[in-house]
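As a plain string of letters, each chain reads:
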Amino acid sequence: MTTDNLPIATTRRGGTGSRFIDRVGKFMAFVLLVIISALILFPALWMLSTALKPDVQVYANPPIWIPSPIKWENFVQAWTLAPFTRYTINTTLYTAAVIVGTLLSCSLAAYGFAKLRFPGRNILFTILLSTMMIPGMVTMIPQYILFSKLGWVGSYLPLIVPSYFAGAFFTFLLRQFYLGIPNELSEAARVDGANDLWIWWKVMVPLSKPALATVAIFTFEGTWDSYVGPLLYLNSDKLYTLQVGLQFFRTASEVQWQYLMAASILVMLPVIIIFFAFQKYFVEGAAIGSGVKG
Amino acid sequence: MAKMSRLRRQEALTGYLFIMPWLLGFLIFTAGPMLFSLFASFTNYDITSQMRWVGIDNYRRLFFDDQFFWISLGNTAFYAVFAVPLSIAVGLTIAVLLNQKIPGQRVFRTIFFLPKVLTGVAVLLLWLWVFNPDFGPINTFLRSIGIKYPPFWFGDPSWAKPALIIMSMWGAAGGYIIYLAGLQGIPKELYEAANLDGASPMQQFFKITVPMMSPTIYFKLITGISAALQFWEAALIMSEGGKGGPSYSTLFYGLYMWQTAFGDYKMGYASAMAWILLFITLAITLVQNHFSRRWVYYEGEAKE
């Protein structure tokens, strides 16, 4: 049946043959998508499976996928093996401070670049764009020296303060968004005697909520997951973030994979929840983000 | 007229005030540090003792006396050569598959985006566990299909990098989004015309899809290589103590730089490494930019 139809299809005169090819193509695409989905889901399922296992089943060979009994208490156990409550508070405050700084400074700078005219604007904007190509390691070493001379090592200052100075990428992203907002709106406000700070706060910020949400979500994810910065600047258990705590939890003692996986799930949970709540912004942001940055 | 210029001046002043956060940040956290780092790369700076000018000695030692420099550069090149084209292929393939009207599209899109959401230390630790030679599901599967001695993955110098590349392909799946956006912008008429001319799906893919997507692919190539040159954090987390895996097989350039700077506090030497990386990144970008004219197609551009 299939082989009978194929030669007709390859003549491509439209009609049933090519529709058949089309359907075979779609079916094959569907099968491929299912296979790729399985490959993508499999590590995540393995993580969940491990997190719920009694310890004897963790090292079973061949592996057991569905644990019995299901040990929900692994999550409680994992949480108490290291001071995760403190890590969570640290990470939450740190992330919140960075989000506030990023939103404020980047949207201010973006407004300046998008809506105001001043000598040197284009040159400065070109400089902003070119800084996105500089490898992070190039500035990381001298920044560390700067912060250590300031006596900030061992505190959150080196991790939070730079976010109040408008990072290039999000400034660029917001500027693109502001360029799309018609000038008539701000002109009308200006005629009424409003100054630019007022226009920024009352006109631009409300109109750019979707773009700001994207920036906030990406900043959240990036900060929540950041590891090297906190590892470099925080030097006591009191200050550690979840990511640093998680890694030390692994190396400090004999690895107990069920607890490590349970803790890992808990650490990722806020990001997963936010993803499902704000999926739209995530996907849009990823499209814009990877379109400009990779 | 005088009034006009006063308004202009006021607007300019306001403009500078608005961009001040970025401008100060650029001077304090980027430009200043870079100048300092360039200077430091010609010294033996180690934070504690006096800085001493050593001329090009750091650079000379890196190129001629330091085998780890070359090992780490080689590892990084290996990673870039395989991971970048593969990740473009993975993202583009998924996008092409998803671009057809297929049941369950929304579910697929969510699943493929998952690797972009699941990130951080937790996921890297998960991959260590997935690749566990004894109890991990990958080796169990390999054994079940008759491979008696599956690789030790992160424990084997010749398999550690491939394991990292497999891992990053998982992450690359989420990159489909950008290609999907591009695919939806290709005019349908092009494919209809090709169909009438009897072009096979493969021909259509390489003669229509790829050229139409070339600006996106080019962009991903530039940013992908730049990111691959800086790939090292995963190796820091996954290799025990960040030592660069078995036989230095995952000692990536950034990881070696990290150890030089923050393990040995050889800040001058590490700064020289940073500047070499900057030059490599720039050089590759310029070369790609040069060759891009041959294959990147921009709509609205007169060609032939």
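Keep in mind that this is a model prediction, so the values were computed, not measured. Along every chain, residues carry numbers that run from 1 in the direction the sequence is written. Here the convention is simple: chains get letters from A, ligands get numbers from 1, in the order in which they are written. It should be noted that, the model being predicted, local features are given only for residues of pLDDT at least 70 and side-chain atom pairs only at 80 or more, the latter also being counted only at that level, while totals for whole chains, interfaces and linings use all residues. No hydrogens and no water enter the side-chain calculation; it runs on all heavy atoms of the structure.

## Examining the overall build of chain A
Working step 1: Comment: elements are numbered from the N terminus, with helices defined as DSSP H or I runs of at least four residues and strands as E runs of at least two. A tally of helices and strands in chain A yields 16 helices and zero strands.
Working step 2: Summary of the burial criterion: residues with accessible area below 20% of their type's maximum are buried, those above 50% are exposed, and those between are partly exposed, where the area comes from a 1.4 Å probe applied to protein chains only. Among the 294 residues that make up chain A, the fraction classed as buried is 48%.
Working step 3: Contacts were defined at the residue level, with two residues in contact if any of their heavy atoms lie within 4.5 Å. Counting only contacts in chain A whose residues sit at least 6 apart along the sequence, the fraction spanning at least 24 positions is 70%.
Working step 4: The protein chains shown are the only cover counted for residues, whose accessible areas, like all others here, come from Shrake-Rupley with a 1.4 Å probe. Working note: accessible area of chain A is about 13,900 Å², and carbon and sulfur atoms make up 67% of it.

## Section: the pattern of salt bridges
Working step 1: In the sections that follow, a salt bridge refers to a side-chain nitrogen of Lys or Arg positioned within 4 Å of a carboxyl oxygen of Asp or Glu. Per the counting criterion, the structure on display carries six salt bridges over all chains.
Working step 2: Between B:Arg60 and B:Asp57 there is a salt bridge, with its nearest N and O atoms 3.0 Å apart. One end of the pair, B:Arg60, and the other, B:Asp57, are both in helix α2 (residues 57-64), three residues apart, so they sit about a helical turn from each other.
Working step 3: Given the relative accessible area of 25%, B:Asp57 is considered partly exposed.
Working step 4: Through salt bridges with shared partners, a single ionic network connects A:Glu187, A:Arg190 and A:Asp196.

## Overview of the domain arrangement of chain A
You'll often see interface size given as the accessible area lost when the parts meet.
Residues and elements named next belong to chain A.
Working step 1: The source of the domain bounds is an automatic or database domain assignment. Looking at the assigned domains, one finds that chain A contains domain 1 (18-70) and domain 2 (82-289).
Working step 2: Summarising the inter-unit geometry, the C-alpha centres of domain 1 and domain 2 are found 34 Å apart.
Working step 3: By buried area we mean the combined loss of accessible area, with a 1.4 Å probe, across both parts when two parts are placed together. When the area that domain 1 buries against domain 2 is broken down by residue, the three leading residues are Met47, Ala51 and Tyr59, summing to 63%.
Working step 4: Between the two partners, domain 1 and domain 2, sit zero salt bridges.
Working step 5: Distance and chemistry together define a polar contact, namely a pair of N or O atoms within 3.5 Å, with one atom able to donate a hydrogen and the other to accept it when in protein, and with adjacent residues in sequence counting only for side-chain atoms on both sides. Between domain 1 and domain 2 we count zero residue pairs in polar contact (both at pLDDT 80 or more) in total.
Working step 6: Of all the elements in the fold, those that place two or more residues in the side of domain 1 that touches domain 2 are α2 (15-51) and α3 (55-58).
Working step 7: The element contributing the most residues to the side of domain 1 that touches domain 2 is α2, with four residues.

## Observations regarding helix α11 (residues 196-207) of chain A
One turn of an α-helix holds 3.6 residues; hence residues three or four places apart share an orientation.
Working step 1: Turning to α11(A), its buried residues are A:Asp196, A:Ile199, A:Trp200, A:Val203, A:Met204 and A:Val205.
Working step 2: N-cap assignment for α11(A): the residue whose side-chain oxygen lies 3.3 Å from the backbone N of A:Leu197 is A:Asn195.

## Digging into the side chain of B:Ser214
Working step 1: Along the chain, B:Ser214 falls in helix α10 (residues 201-229).
Working step 2: In this view, B:Ser214 contacts B:Trp295, B:Val296 and B:Tyr297; residues no more than four positions away in its chain are not counted.

## Quick notes on the packing of aromatic side chains
Working step 1: Stacked, edge-to-face and tilted are the three classes for Phe, Tyr and Trp ring pairs, Trp counted by its six-membered ring, which pair at centre distances within 6.5 Å; planes under 30 degrees apart are stacked, over 60 edge-to-face, the rest tilted. This model, assessed by the stated rule, comprises 57 aromatic pairs over all chains.
Working step 2: Here B:Phe69 and B:Trp70 contribute two aromatic rings whose centre-to-centre distance is 5.1 Å and whose plane-to-plane angle is 80 degrees, an arrangement assigned as edge-to-face.
Working step 3: Of the residues examined, B:Phe69 reaches a relative accessible area of 0% and is grouped as buried.
Working step 4: With relative accessibility at 44%, the residue B:Trp70 sits in the partly exposed group.
Working step 5: With 5.9 Å between their ring centres and 75 degrees between their planes, B:Tyr79 and B:Phe252 make a pair best called edge-to-face. Here B:Tyr79 is found in helix α3 (residues 67-98), whereas its partner B:Phe252 is found in the loop between α11 (233-238) and α12 (253-263), with 173 residues between them in sequence.
Working step 6: With relative accessibility at 7%, the residue B:Tyr79 sits in the buried group.
Working step 7: For B:Phe252, a relative accessible area of 0% puts it in the buried group.
Working step 8: Ring pairing ties together the aromatic residues A:Tyr144, A:Phe147, A:Trp152, A:Phe165, A:Tyr233, B:Phe29, B:Trp232, B:Trp258 and B:Phe262, which thus form one cluster.

## A few points about the confidence of the model for chain A
Working step 1: pLDDT measures how confident the predictor is about each residue, on a scale from 0 to 100. Per-residue confidence for chain A averages 87 on the pLDDT scale, and 90% of its residues sit at or above 70.
Working step 2: Per-element mean pLDDT across chain A ranges from 39 in helix α1 (residues 2-11) of chain A up to 98 in helix α8 (residues 157-160) of chain A.

## Focus: the interface of chain A and chain B
Working step 1: Taken together, the contact between chain A and chain B spans 95 residues of the former and 93 residues of the latter.
Working step 2: When chain A packs against chain B, the two sides together hide about 8,200 Å² of surface, and 77% of this comes from carbon and sulfur.
Working step 3: Taken as a group, A:Leu33, A:Ile40 and A:Met137 account for 8% of the area that chain A buries against chain B, more than any other trio of residues on that side.
Working step 4: Linking chain A to chain B there are one salt bridge.

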